[in-house]
Amino acid sequence: MSVIQNIRSKYIGLVVGAIVVALIGFLIMDAMQSNTRGLMGDDQTLMADVNGNRIDYKKFEEKRALYEENMTRNSKDGKLTEQDRKQVREQAYNDMVNEILFNEEMEKLGLSLTDPELRDMETNPVFVDPQIRQAFTDPKTGVFDPNSVSQHISSFPQDKTGEKRKQWQRFEEELINNKLRSKYTDLIVKGVYVPKFVYEQDKLTKTTIASVSYLEVPYASIMDSVIKVTDEDIKKYMEKMPNVFKAREDMAKAEYVVFDIIPSSEDSSKSLGVLNTIRAAFDSTKDMESFVANNSDEALNPKYLTEDKIEMPNPAEVIAAPTGTILGPQFMNGSFKMVKVLDKKQQPDSVKTSHILIKVDEKRSDDVAKKMADSLEAAIKGGASLEMLAATVSDDEGSKAKGGDLGWISMETSFVPEFLDAAFSTDKGGIKIAKSSYGYHIIKVVDQKSFRPAVKLAIVSKLLQTGTASSNKVYAQANEFLKKAKDAKSFTEAAKAMGKDKRMAENLTKIQAEIPGLGEARQITRWAFEAKIGAVSPIYNLTDKCVIALLSGRTSKGEFPAPADVRNQLESMVKRDKKSDLISEKYKGKNSLEALATASGMQIKNLDSVRVNGGNELGYENRVLGAILNKSNLNKFVGPITGEQGVFYVVVRSNAVDAARASLPMDLERQQLLQQLTGQMQGAIPYILKMKADIKDQRSNFF
């Protein structure tokens, strides 16, 4: 017993210590393995915090993947570019932010959507959502069938994959969100009111004609060298307009130099040699598609091209060349190209078309839409009227009422590319199906006109690439610069010594991927928020250049930028205000235009028929126009007025209402103002909510 007691006395501290260490180790391990905030690090999946509401990276990825899937399904070739993916990421993020902000507002107001409202939106012919009405309208009768909606929902248990139910649930969620957001927006938009005094004043301003005498003392009368602008002056100028100048997000500013990687003559000879080597095979091949696929940097284009569409130095020569002729190699757009004329024909400049559109969306899969399109194509080729079918089944509401008629279109028409390709590759009277991002188009070419020569070409293209020796030479120059540039002073000295122009990258954001003049440069923008001010970057290898940057400044959200960072932008404005003060003080006490003219040597000018929105010598001097059209200034000497180009002094001789213009109905004026305001509100609501919100954007941690 005494032994046990002895162990307790001597080793209790060691045991407790061991337990504490084990607990801490367990907690640290748990924190490292979980995706929640740990003891030793930040939240690993927090992508943004919106007013205390979390946007989790995993949830974002689910939405992004869904958006990307939809865009891929609707793309022409089932592929997405990097730019498409960036667009999807931005849309998914903005939608998640807006969802949080709108939900907060709707919760405050107690807005909700009841089950009966949802049922009405799905099955009630009076209140049914337009998307559901379109998807479940009987193609034979053109009448919405609510029973088909119920049948569609009741068929979910038969779908063992559960995919139909998931698609419908996603659609319902979107339907509910859109309806709630519509309710919220309507509360604001329909609450917009234009008071009588506002539209009366607006009308008065637009219809007033004034006659004035004025004198302008231009700012140019004072030399710029006389005016000194300090950092404190710039700071005070910004403080007068905090909403304009305070940073709305974290920003960075960098100077940089560029070392362009330019192919040498040896590199050009190598690319040309490849084309000259395969010229004979290009001339004799029987499988041009495979030959181009195996030997060219661009795929075979099946289209016939008119002269204005041929991207060659001399397109007229290509049009005139006989079939089978090989032209080139010629250098253009960074590549050497060798062209063979495969075929020639006459192609119309314009075609008259009709079509039926079968949409692909959440309620109609691609397979279902394709089967409908194939059936309609077979029916039309069998003698059915496209015009009658379009009037009953087409999802294009614009042409539906006209039997699918789209009128005359040209290749320059702003239209669906896939539609244009199909329409201009089909003979008069022909029927063709084309798939676009909208769905399936059953196209009929009704007529053609203005035929021109067109050619089908095979192009073997070899990108002019910079060889290793050329790249190494440029990298060595950049490395030499980097050895000299250690801070702002030596960066400038090195640039001058090596004949490099310093360029400026301003207003960089944490998630910015491209820099004007550099293109894709995500690594530079990421560095700009990790490095210390005054730091010189490593060498960044971009597509065709090496770049070295100097971090010259950073501004945090809600702060004013440093005066030095905005001096080039604001110095002229501050000088203008200082000159205005000097001019106003110099001619203080001169209470007539004549006295001012004598003292300043400036000429008095007279203007008749001055309108606020009409052309006149005063241009965009809004402060001056405001004083002229003010009834209380009639027959008074008014000034000094700080203008854009100088200081003005005016005497308003008359300002009367133009009776002809004022005779327009006041209700019409009021309605136009109201429409203008409500139109602006639709887009302004999400913007205002974001400006008011506390958003901590952490996307730069992920991409």
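Note that the coordinates shown come from a computational prediction; the quantities given were computed from them, not determined experimentally. (Residues numbered from 1 in each chain as written. Predicted model: local features only at pLDDT ≥ 70, side-chain atom pairs only at ≥ 80, totals over all residues. Heavy atoms only, no water.)

J.: Help me understand the overall build of the protein, please; the structure alone is not making it clear to me.
T.: A count of helices and strands for the protein gives 25 helices and 19 strands. Each principal axis of the C-alpha atoms in the protein carries an extent, and together these give about 110 × 90 × 75 Å. Taken over 703 residues, the protein has a buried fraction of 37%. Taking all contacts inside the protein whose residues are at least 6 apart in sequence as the whole, residues at least 24 apart take part in 70%. Of the roughly 40,000 Å² of accessible surface on the protein, 52% is carried by carbon and sulfur atoms. The distance from the centre of the 99 positive side-chain charges to the centre of the 97 negative ones in the protein is 2 Å. (Helix = DSSP H or I, 4+ residues; strand = E, 2+ residues; numbered from the N terminus. Buried < 20%, exposed > 50% of the residue type's maximum accessible area, 1.4 Å probe, protein only. Contact = heavy atoms within 4.5 Å. Areas by Shrake-Rupley, 256 points an atom, 1.4 Å probe, with all protein chains shown as cover. Lys, Arg positive; Asp, Glu negative; His and termini not counted. Charge placed at Lys NZ, Arg CZ, Asp CG, Glu CD.)

J.: What is the right way to read the sheet that holds strand S2 (residues 53-56) from this model?
T.: Pairing between the strands of a sheet is mediated by backbone hydrogen bonds and can be parallel or antiparallel. The strand order across the open sheet built from 3 strands is S2-S1-S19, with neighbouring strands paired in antiparallel fashion. With partners counted over all chains shown, the strands left at the sheet margins are S2 and strand S19 (695-697), one partner each. Neighbouring strand axes in the sheet, compared pairwise and without regard to direction, differ in orientation by 20° on average. Here strand S1 (residues 46-50) runs beside S19; their pairing, made up of 3 bridges, is antiparallel. By the bridge assignment, Ala48 is partnered in S19 with Asp697. Contacts from helix H3 (residues 82-109) reach S1, S2 and S19, with the element oriented near 160° to S2. (Pairing = 2+ DSSP bridges. Axes fitted to C-alpha atoms, helices over the stretch in contact; angles between N-to-C directions.)

J.: Would you explain the sheet that holds strand S15 (residues 545-555) in this entry?
T.: Read across the sheet, 4 strands follow the order S11-S4-S15-S14 without closing on themselves; strand pairing throughout is antiparallel. At either end of the open sheet lies a strand with only one pairing partner, and these are strand S11 (503-508) and strand S14 (540-541).

J.: How do you make sense of helix H11 (residues 265-284) when you look at a structure like this?
T.: Since there are 3.6 residues in each turn of an α-helix, residues three or four apart along the chain are aligned in direction. The terminal C-alpha atoms of H11, which comprises 20 residues, lie 30 Å apart, in line with the 28 Å expected from a rise of 1.5 Å per residue. If you follow the buried residues of H11, they end up packed against helix H12 (288-295), strand S6 (326-332), strand S7 (335-359), strand S10 (439-463) and helix H18 (468-484). (Expected span 1.5 Å × (residues − 1).)

J.: Help me out: how do you make sense of the packing of aromatic side chains in this one?
T.: Two numbers describe a pair of aromatic rings. These are the distance of the centres and the angle of the planes. What the rule picks out here adds up to 14 aromatic pairs. With a centroid separation of 5.3 Å and an interplanar angle of 50°, the aromatic rings of Trp168 and Phe171 are classed as tilted. You can see Trp168 and its partner Phe171 sitting in helix H7 (residues 163-189), 3 residues apart, about one turn around the helix. Accessibility classification places Trp168 together with Phe171 in one group, the buried group. Taken together, a centroid distance of 5.3 Å and an interplanar angle of 90° make the contact between Phe481 and Phe491 edge-to-face. Of this pair, Phe481 sits in helix H18 while Phe491 sits in helix H19 (residues 488-497), placing them 10 residues apart in sequence. A cation over a ring is seen here: Arg181 above Phe102, with NZ or CZ 4.4 Å from the ring centre. The ring centre of Tyr304 lies 4.4 Å from the NZ or CZ of Lys345, which sits over that ring. (Phe/Tyr/Trp six-rings, centres within 6.5 Å; stacked < 30°, edge-to-face > 60°. Lys NZ or Arg CZ within 6 Å of the ring centre and 35° of its normal.)

J.: Help me out: how do you make sense of the environment of Glu397 in this one?
T.: Along the chain, Glu397 turns up in helix H16 (residues 397-400). Placed 171 residues apart in sequence, Glu397 and Val226 show a C-alpha to C-alpha distance of 66 Å.

J.: What's the story with the pairing of S1 in this structure? I'm lost.
T.: Regular strands show a simple pattern: their side chains alternate between the two faces of the sheet. Most of S1 sits out of view: 5 of its 5 residues are buried. In this sheet, S2 lies alongside S1 in antiparallel orientation, the contact comprising 4 bridges. Residue pairing across strands places Ala48 opposite Ile55, the latter belonging to S2. Between S1 and S2, which pair antiparallel and follow one another directly, the connecting turn spans 2 residues, one of which, Asn51, has a positive phi of 55°.

J.: Looking at this structure, I do not really get the pattern of salt bridges. What am I missing?
T.: Any two side chains of opposite charge can pair, given that their charged atoms come close. Evaluation of the coordinates by the stated rule reveals 35 salt bridges. Glu514 serves as the salt-bridge partner of Lys86, at 3.6 Å between the closest nitrogen and oxygen. Placement of the pair is Lys86 in helix H3 and Glu514 in strand S12 (residues 514-515), with a sequence separation of 428 residues. Here Lys303 ties to Asp421 by a salt bridge, and the two come within 3.0 Å at their closest N and O atoms. With a gap of 118 residues between them, Lys303 in the loop between H12 and strand S5 (304-306) and Asp421 in helix H17 (residues 417-424) connect regions that are remote in the sequence. A cluster of three or more residues bridged by salt bridges with shared partners is formed by Glu61, Arg64, Glu68 and Arg85. (Salt bridge = Lys/Arg side-chain N within 4 Å of Asp/Glu carboxyl O.)

J.: Looking at this model, I keep getting lost on the environment of Ala247. Mind explaining?
T.: Mapped onto the elements, Ala247 comes out in the loop between helix H10 (242-245) and strand S4 (251-260). A sequence separation of 114 residues divides Ala247 from Asp361, and the C-alpha atoms of the two residues are 41 Å apart.

J.: Where do I start with the nonpolar core in this structure?
T.: As a rule of thumb, nonpolar side chains are buried together in soluble globular proteins. Among the nonpolar cores identified, the biggest contains 34 residues, and Val50, Ile55, Tyr93, Val97, Ile132 and Trp168 are the most heavily contacted of them. Those elements that place two or more of their residues in this core are S1, helix H2 (57-74), H3, helix H4 (115-123), H7 and helix H25 (666-692). Element by element, the count of residues in this core is highest for H3, at 9 residues. With near-sequence residues (within four places) excluded, Ile132 lies in contact with Met121, Glu122, Phe144, Val149, Trp168, Phe171, Leu175 and Lys363. Leu215, Tyr237, Leu570 and Ile583 belong to the second largest nonpolar core, which has 20 residues in total. (Core = buried A, V, L, I, M, F, W, Y, C linked by side-chain atoms within 4.5 Å.)

J.: Could you clarify how one ought to interpret the side chain of Ser584 in this entry?
T.: Looking at the secondary structure, you find Ser584 in helix H21 (residues 563-586). Only 2.8 Å separates the side chain of Ser584 from the backbone oxygen of Ser580, close enough to count as a polar contact. With near-sequence residues (within four places) excluded, Ser584 lies in contact with Pro640, Val647 and Tyr649. (Polar contact = N/O pair within 3.5 Å; in protein donor to acceptor, adjacent residues only side chain to side chain.)

J.: Just to check I follow, could you spell out the packing of H4 against H7 for this structure?
T.: Two numbers describe a pair of packed helices, the interaxial angle and the distance between the axes. Running from N to C, H4 and H7 cross one another at 110°; their axes reach a closest spacing of 11 Å. Between H4 and H7, the angle is such that the two are roughly perpendicular. For the element pair H4 and H7, the recorded crossing hand is right-handed. The residues of H7 that touch H4, namely those facing Glu117, Leu118, Met121 and Glu122, are Trp168, Glu172, Leu175, Ile176, Lys179 and Lys183. The residue makeup of the contact of H4 with H7, split by class, is 5 nonpolar, no polar and 5 charged. (Parallel < 35°, antiparallel > 145°, perpendicular 65-115°, else oblique. Left-handed = near helix turned anticlockwise from the far one by under 90°. Nonpolar A, V, L, I, M, F, W, Y, C, P; charged D, E, K, R; others polar.)

J.: Whenever I open this one, unusual backbone geometry confuses me. Can you help?
T.: Glycine aside, residues mostly have negative phi angles, and peptide bonds mostly take the trans form. For the bond from Gly328 to Pro329, the omega torsion is 10°, close enough to zero to count as cis. Here the amide bond leading from Gly639 into Pro640 is cis, since omega sits at 5°, within 30 degrees of zero. Relative to the elements of secondary structure, Pro640 occurs in strand S17 (residues 637-642). The residue Ser450 is not glycine, and still its phi comes out positive at about 55°. Mapping Ser450 onto the fold places it in strand S10.

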